[in-house]
Protein chains: 2
Amino acid sequence: MIIKDSLDEVKKRENALSIIKDIVENNGRESLFDLTGLSGGFIATPSELSLLETYVGPAIFEDALQEVGIAHMGGEKVIPLNRTSSGILATILTLVKKDTNVVHYLAQLPAHPSIPRSCSLVGANYFETDVFEEFSIPENTSLVVITGSTMDHKVIDEEEFKKIIEMAHEKDIPVMVDDASGARLRTVVFNQARACDLGADIAITSTDKLMPGPRGGLMAGQADLINSIKVKVNQFGLEAQPPAVLAMVNGIKNFNADNLVNSFERKDELFNLLNQKFENFQKTPTGVMITPEGLALEINVSHNLSDNDLAFVFSLILLKNYGIITIPAVGMPGASATLRFDLSTQDAFNLNLKDLSLKIESSFEELLEVIPNEDECKKIIFNF
Amino acid sequence: MIIKDSLDEVKKRENALSIIKDIVENNGRESLFDLTGLSGGFIATPSELSLLETYVGPAIFEDALQEVGIAHMGGEKVIPLNRTSSGILATILTLVKKDTNVVHYLAQLPAHPSIPRSCSLVGANYFETDVFEEFSIPENTSLVVITGSTMDHKVIDEEEFKKIIEMAHEKDIPVMVDDASGARLRTVVFNQARACDLGADIAITSTDKLMPGPRGGLMAGQADLINSIKVKVNQFGLEAQPPAVLAMVNGIKNFNADNLVNSFERKDELFNLLNQKFENFQKTPTGVMITPEGLALEINVSHNLSDNDLAFVFSLILLKNYGIITIPAVGMPGASATLRFDLSTQDAFNLNLKDLSLKIESSFEELLEVIPNEDECKKIIFNF
């Protein structure tokens, strides 16, 4: 076993980071392919970056965001947030009083923890269900929450979506939609309407999910509601800061629905290509993955490495030879050693998948060559 | 009167923004002098911006922030926050329970509202005083708060600072220091020690105040406390995002104590230069200002403009002729029309003050020439 503890993981990560720095500095960012699926985007021109340094830059970007944000989300007004979770907190602080009820419907449990946590902070009672027939709105309910698409990309049925909004509005209860990835997944891939167009009073999306924007949240809805929520947002420091707002504007502008549809189709193509050579790759909602245990099963040469070690060596070979970034190479101590190849983010859109699968195969061949020699593997992982 | 309502203010502002865009695009950012005192910094190299687009960039900047952040603030560990207010919220969510007491000492009331607001959110009792003799720590106190320097730059006495920390620690109560501008003002201009070195358990500073960093907060303190607070920070989306973290690292690295001391001295120099020609400029903690009413008193030619109109025309002449940005030109509707010339931020550090005062005088001469002609003034304000 090579990676024995957190310290080893830190050293491994530092080696990966220095390889990445070298690639960026010597060959440019375009020689790097971040397929972790976890990278936000930060698109900005030199002239925009210059404006960012002035008092007025932020105001310009906020204005631009109103335009592109409303086009993307619907509603009358948008507000940029530090995170989707901060937007949920601000909404609940604004609309939900102590001892009232909040009911949440989503396509599949578990719910995102920020919703029950914010309810608990204000002392409200929180109920959730993923069974439509069991959903009801009790007396004394202050807010109805709908999740458009779950963390695992399970999407709500549009008819159920409409019915729940109707049920809430019959009782004059506002509806907040957590449309983190749904604002794109539902509309583009499943042809559903935007949450605000379905009658949601407030909808929030994550600007780094399935589009090339920064980590952050974008809330849209009725202007008067947005204005009340904005008060809490500013009081508690929950708003997105200017660099994020700039990157949101450009992230939305660069969002390409075809790319998203393609990434859903392209994962099948990549899976089929890899399946010709491997047996243990699996599909994810937006790409493919292989677990350390799955990787170990692919190997028929004798070695003394742990399953995780195999994944670490494999990911470092991919990084060093081809600039392909996967989580085992760069993950913090304790991160999963599963290799994910995510196709939903910027770096993957123009990748030739035949070429990618050949690079994965060739890196795997190199893995087979080096694993009998533990010292060689250590050198790859730690660079010493 | 030219500016009659909010719509006029919006048009005025749009004209100012397009002048600024022209200057940035045709002459470069270095031809613009943002003296509003409200602009944060966003310093980033192309290679850093490239890294920002990868999953690993943020981790690199967070590591770098530990190093420069601890050097700046003291303590064992730092955590970057979306705002100082969000750091205060997270600390109070972590340390303060319902029905306990929070006591706050500051050099001069009023306190920053984020502290009582966060206490009210968790249902704690909040007490504040700016009279040292009246400060006491009642039973059942969960947190002692000290403000290092107020919004108006009034600085706490260091002996009182130490005594309050001692009083709190005798009762095993943690101390949080709101050192928004104080972390630099107290240490650099008043030669006081860093809050953590004085025994504070937690200290928070604003990275855009008196240093060329982005809007955001930086919290330092005991590692175990920081770790507990970080849990709340991540749960409610209160952390600074990667672009801000990058700009914090560079803001701290580019913080120059001499510049800060100079700006405190330079405001006197600028005031004296302007005083030779004008009678109504006043000193601010970090620069000089003239109110619309003060400006009107300087004028001995006949005209039909309101005091605010005079300030708007003056600020647009300064912008158009010399690239000098002041708030009346770019402010949102309702913003004060007082012209502030702030010397504490990046654009002011290398300004020749004699040259600046001549530009202010020459713009004032142009103001005198145009104000008898209202159409000419409208053209300057609205560009039509």
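Residues numbered from 1 in each chain as written. Chains lettered and ligands numbered in written order. Predicted model: local features only at pLDDT ≥ 70, side-chain atom pairs only at ≥ 80, totals over all residues. Heavy atoms only, no water.

What follows deals with the interface of chain A and chain B. Contacts between the two partners involve 48 residues from chain A and, on the opposite side, 48 residues from chain B. Summed over both sides, the interface of chain A with chain B buries roughly 4,600 Å², with 64% coming from carbon and sulfur. Contact with chain B buries area across many residues of chain A, yet Glu53, Tyr55 and Phe236 of chain A alone supply 17% of it, more than any other trio. Our count for the chain A to chain B interface comes out at six salt bridges. In this structure, the salt-bridge partner of glutamate 239 of chain B is arginine 215 of chain A, at a minimum N-O distance of 3.9 Å. For the side of chain A that touches chain B, the element with the highest residue contribution is helix H1 (residues 6-27) of chain A, accounting for six residues. Split by residue class, the side of chain A that touches chain B holds 22 nonpolar, 15 polar and eleven charged. (Contact = heavy atoms within 4.5 Å. Buried area = accessible area lost by both parts, 1.4 Å probe. Salt bridge = Lys/Arg side-chain N within 4 Å of Asp/Glu carboxyl O. Helix = DSSP H or I, 4+ residues; strand = E, 2+ residues; numbered from the N terminus. Nonpolar A, V, L, I, M, F, W, Y, C, P; charged D, E, K, R; others polar.)

What follows is about the sheet that holds strand S9 (residues 282-284) of chain B. All names here are of chain B. Read from one edge to the other, the open sheet built from three strands follows the order S9-S10-S12, with strand pairing classed as antiparallel. Two strands lie at the open edges of the sheet, namely S9 and strand S12 (339-342), each paired on one side alone. Adjacent strand axes in the sheet meet at a mean angle of 30 degrees when their direction is disregarded. Summarising the sheet, S9 and strand S10 (residues 287-290) pair through three bridges and their orientation is antiparallel. (Pairing = 2+ DSSP bridges. Axes fitted to C-alpha atoms, helices over the stretch in contact; angles between N-to-C directions.)

Attention now goes to the nonpolar core. Burial of nonpolar side chains together is a common tendency in soluble globular proteins. Ranked by internal contacts, the top residues of the largest apolar core, which has 206 residues, are Val144 and Phe341 of chain A together with Val144 and Phe341 of chain B. Grouped together as the second largest cluster of nonpolar side chains are 58 residues, Ile79, Ala111 and Cys119 of chain A together with Ala111 of chain B included. (Core = buried A, V, L, I, M, F, W, Y, C linked by side-chain atoms within 4.5 Å. Buried < 20%, exposed > 50% of the residue type's maximum accessible area, 1.4 Å probe, protein only.)

Here we take up the side chain of aspartate 178 of chain A. Residues and elements named next belong to chain A. With respect to the helices, strands and loops of the structure, aspartate 178 is situated in strand S6 (residues 175-178). The side chain of aspartate 178 sits in the buried core without any salt bridge; lysine 209 is the nearest counter-charge, 6.9 Å away. In this structure the side chain of aspartate 178 is engaged in a polar contact, spanning 3.3 Å, whose partner is the backbone nitrogen of alanine 180. In this structure, aspartate 178 is in contact with Thr84, Ile88, His112, Ile115, Ile146, Thr147, Gly148, Ser149 and Ile204, ignoring residues within four places of it in sequence. (Lys, Arg positive; Asp, Glu negative; His and termini not counted. Polar contact = N/O pair within 3.5 Å; in protein donor to acceptor, adjacent residues only side chain to side chain.)

Residues and elements named next belong to chain A. With respect to topology, seven strands assemble into an open sheet ordered S2-S8-S7-S6-S5-S3-S4, the strand pairing being mixed. The open sheet terminates on both sides in strands that have one partner only, identified here as strand S2 (77-81) and strand S4 (125-129). Across the sheet, the mean angle separating the axes of adjacent strands is 20 degrees when strand polarity is ignored. Bridge count between S2 and strand S8 (residues 217-221): five bridges; the pairing is antiparallel. By the bridge assignment for S8, isoleucine 79 is matched with methionine 219. Here helix H4 (residues 84-95) sits on the sheet and contacts S2, strand S5 (141-147), S6, strand S7 (202-206) and S8; the angle it forms with S7, its principal contact strand, is near 160 degrees. This element, helix H8 (residues 223-235), spans S2, S7 and S8 of the sheet and lies at about 20 degrees to S2.

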